[in-house]
Amino acid sequence: MFESACARITSPSNGGGLSLAKWLSTRVTLSQSDVTRCLLKALRVGKIEVADWLEDTFHVMNDVTWQKGGAERILTELCSEYNNSTAGLRWFLQHLPHPLQLSTILDTLMEVDLQTSLHLIQSAGEDSLLLTPDGSESSSSSSSSVSEVERELLRAEAQAVCDLYIQFKPAGWNDPCEEYTEEPPCNATAFFGLSCLEGHIAAIFLAHYATRQGTIPQTIGNFSQLRNLDLSQNEVNGEIPETLSRLLLLRKLSFWHNSLTGEIHCLQNLTSLMSIDLDSNLLAGTLPFWISEFSSLLELRLNVNHFSGTVPPLPQSLQILSLANNSFTGTLDSLNLTRLLQLDLSGNQFSGSIPSSILAMSDLQYLFLSRNQFTGSIPPELLCSLNRLSWIKLNENFLSGALPNCSLSKSLSSIQFSSNQLSGDLPATLFATTVKKLLLQNNLFSGTLPISPKESAKLLTLDLSSNMISGTIPQAFWVSLPRVTSMNMSHNLLGGSIENYNSTTAIFDLSYNFLNGTLPLVLS
């Protein structure tokens, strides 16, 4: 009965008519949660204005309700649902249902959203009727209310600094808990890693500075002006607290190499983030869809965790994406990130072919897709058209077919295609490049060793082992590799003599072939 009546009255098609307050006030048997739920529905569907919503709510909440938390609930909903509205807060400050101390209001605002609340009180107007701490009324300007909120903000930050000290005992810190209770230690020199802006903590850099294991304190959300937070390499354990969601100004978050558990839902509101680094933890769950709304995000690093599921659409702003060593699945067909510089998806369970969208990443420098379940052939454009690509690792997949026979990009430095099902002859263009490392072992390559038309002046490491390469090793092959320091061509079908070998290669493996004759003088 209540649900249907509430739905009818809050319906956008209802032209107005019956007052919510009048109707609700006759339902004396309704619980506070029922009343609040109906009023919130009216607010969300645009059936009622913020100030009217507050007034209607006060009509059905008596003084006892307020003392038991009604004010807190109203403030919470006001700040979370209408962050940019000042009308409701102005009405609230001027029409409190009974003497409610300013300190109670501020305590509630602290629990909701310090930044939004400060902005709302600043905008509420000079005619706001506030209450002094002793409960008496006084007409006060907005500046006095702002200064009180500011003092509360500073006290909250001081408490958060104290809690950080209790949890981690950062190296070189003095105990701030007794000396700094009214404001954070911004002017002190004994707190390495804290940076301030206009009296507020703006950056926390405590990477590798904790002297004891601990958890991130709940009061971490008190740093209302925080831009950078780095607690990396500190063996931090436990879950990331939900209060982190209050840090709406945060630009960089770095918790890598810790023992954090749980999921990352608490980051949902932090849409100003430009860098997220949570590498090497014990985090789990799926990568949430709301990550696509982080339009300023440049770097997302979640390597070495327990994330699973498919990868949702990601923000176009990304330049670095590292999801290596998790349990992600699915294809990469929706990966459309044209600004990427680095892409590392190795050590997951991705499948399907290498998507054409990667070929549109014209600025890509590092591509790591090893240890997955990719199939199909290697697109020629991957090696020959991405002119900034330096490292490419596709090893330990199920890729097949021949290697592209094209002029490789001059930027390529390392090619690692080992442990696939690649076949066919080795293109001579592989050796006529600036590549320093060429790893093609554990494939199905056949034919003879190619003779490069010119020296591979930069090749240092070559591994062609465990293939089916046959024929002799021509003199020109050695000549074309003057700087190689490590060469492995074992477990092939090579035959003939190596008497013409004249290289100075430090590590040289030709075992498990069909070679004969005498050893060259350079080896003896």
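For the structure itself, consult the block above.
This report concerns the structure included in the present document.

Reading guide: rules and limits
- Within any chain, residue numbers begin from 1 and follow the written order of that chain's sequence.
- Reporting of local features is limited, given that this is a predicted model, to residues whose pLDDT is at least 70; pairs of side-chain atoms are given and counted only at 80 or more, and all residues count toward the totals for whole chains, interfaces and linings.
- The basis for every side-chain value is the complete set of heavy atoms in the structure, and neither hydrogens nor water enter the calculation.
- Numbering of helices and strands runs from the N terminus; a helix is a DSSP stretch of H or I covering at least four residues, while a strand is a stretch of E covering at least two.
- Between buried and exposed lies partly exposed: a residue is buried under 20% and exposed over 50% of the maximum accessible area for its type, with that area taken using a 1.4 Å probe on protein chains only.
- In this description, contact between two residues means that some pair of their heavy atoms is separated by no more than 4.5 Å.
- Computed by Shrake-Rupley with a 1.4 Å probe, the accessible areas treat only the displayed protein chains as cover when residues are assessed.
- Count a disulfide wherever a pair of cysteine sulfur atoms falls within 2.5 Å.
- Cavity means a closed set of points on a 1 Å grid over the protein atoms alone, one where a 1.4 Å probe fits but cannot get out, pocket means an open set with protein on both sides within 12 Å along at least 5 of 7 lines, and lining means a residue has an atom within 4 Å of a point.
- Grid points are joined across faces, edges and corners, and a volume is the space filled by probe spheres set on the points.
- For this classification, the nonpolar set comprises Ala, Val, Leu, Ile, Met, Phe, Trp, Tyr, Cys and Pro, the charged set comprises Asp, Glu, Lys and Arg, and every other residue, Gly included, is treated as polar.
- Two strands are said to pair when DSSP picks up at least two bridges between them.
- In what follows, salt bridge is the name for a side-chain nitrogen of Lys or Arg lying within 4 Å of a carboxyl oxygen of Asp or Glu.
- Note on aromatic contacts: the rings of Phe and Tyr and the six-membered ring of Trp form a pair at centre separations within 6.5 Å, being stacked when their planes are under 30 degrees apart, edge-to-face when over 60 apart, and tilted otherwise.
- Criterion for a charge above a ring: Arg CZ or Lys NZ at most 6 Å from the ring centre, at most 35 degrees from the ring normal.

What the protein contains, in helices and strands, is 11 helices and 30 strands. Burial statistics for the protein: of 524 residues in total, 50% are counted as buried. Residue pairs in contact within the protein that sit at least 24 positions apart in sequence constitute 45% of those at least 6 positions apart. Roughly 23100 Å² of accessible area belongs to the protein as shown, and the carbon and sulfur atoms make up 50% of that amount.

Turning next to the state of the cysteines. Counted according to the given criterion, the structure contains 3 disulfides. There is a disulfide in this structure between C162 and C177, and the S-S distance comes to 2.0 Å. Between C162 and C177, the S-S dihedral sits near 100 degrees, and the bridge is therefore right-handed. Pair noted here: C162 is in helix α9 (residues 142–168) and C177 is in the loop between α9 and β3 (194–197), with a separation of 15 residues, a long-range link. Linked covalently through their sulfurs, C186 and C196 form a disulfide whose S-S length is 2.1 Å. Since a negative S-S torsion denotes a left-handed disulfide, the C186-C196 link at about -85 degrees is left-handed. Of this pair, C186 sits in the loop between α9 and β3 while C196 sits in strand β3; the two residues are 10 residues apart in sequence, bridging distant segments of the chain.

With that settled, consider empty space enclosed by the protein. Across all of its chains, the model carries 1 cavity of 30 Å³ or more by this definition. Every residue along the wall of the largest cavity is listed here: V311, P312, P313, L314, T331, L332, S334 and L335. The residue inventory of the lining of the largest cavity, partitioned by class, reads 6 nonpolar, 2 polar and no charged.

Both faces of the sheet carry side chains from a regular strand, because those side chains alternate between them. With 2 bridges connecting them, strand β14 (residues 327–330) and strand β16 (residues 349–352) associate as parallel partners. The partner of G330 across the bridge, within β16, is F350. Where β16 and strand β18 (residues 373–376) come together, 2 bridges link them in parallel fashion. Among the inter-strand pairings, G352 is bridged to a residue of β18, identified as F374.

Picture the strands of a sheet paired through backbone hydrogen bonds; they go either parallel or antiparallel. Strand order in this open sheet of 3 strands is β26-β28-β30, and the pairing throughout is parallel. Strands at the two margins of the open sheet, each flanked by one partner only, are β26 (470–471) and β30 (514–516). With 2 bridges connecting them, β26 and strand β28 (residues 493–497) associate as parallel partners. Looking at β28, one finds that S470 is bridged to L493.

Another point: the pattern of salt bridges. Using the criterion set out here, one finds 4 salt bridges in the structure. A salt bridge links E299 to R301; the nearest nitrogen and oxygen atoms lie 2.3 Å apart. There is no split in this pair, since E299 and R301 are both buried. In this structure, D363 engages R388 in a salt bridge whose closest nitrogen and oxygen atoms are separated by 3.6 Å.

Attention shifts here to the sheet that holds β18. Taken together, the 8 strands give an open sheet; going across it, the order is β10-β12-β14-β16-β18-β20-β22-β24, and neighbouring strands pair in parallel fashion. Only two strands of the sheet have a single partner each, and these edge strands are β10 (284–286) and β24 (444–445). Pairing of β18 with strand β20 (residues 398–401), which is carried by 2 bridges, proceeds in the parallel orientation. Looking at the pairing, G376 lines up with L399 of β20.

As enumerated under the stated definition, the model contains 8 aromatic pairs in all. Three or more aromatic residues joined by ring pairs form one cluster here, namely W173, Y180 and F191. One Lys or Arg, K393, reaches over the ring of F368 and ends 5.2 Å from the middle of that ring.

Taken by themselves, the reported measurements are silent on function.
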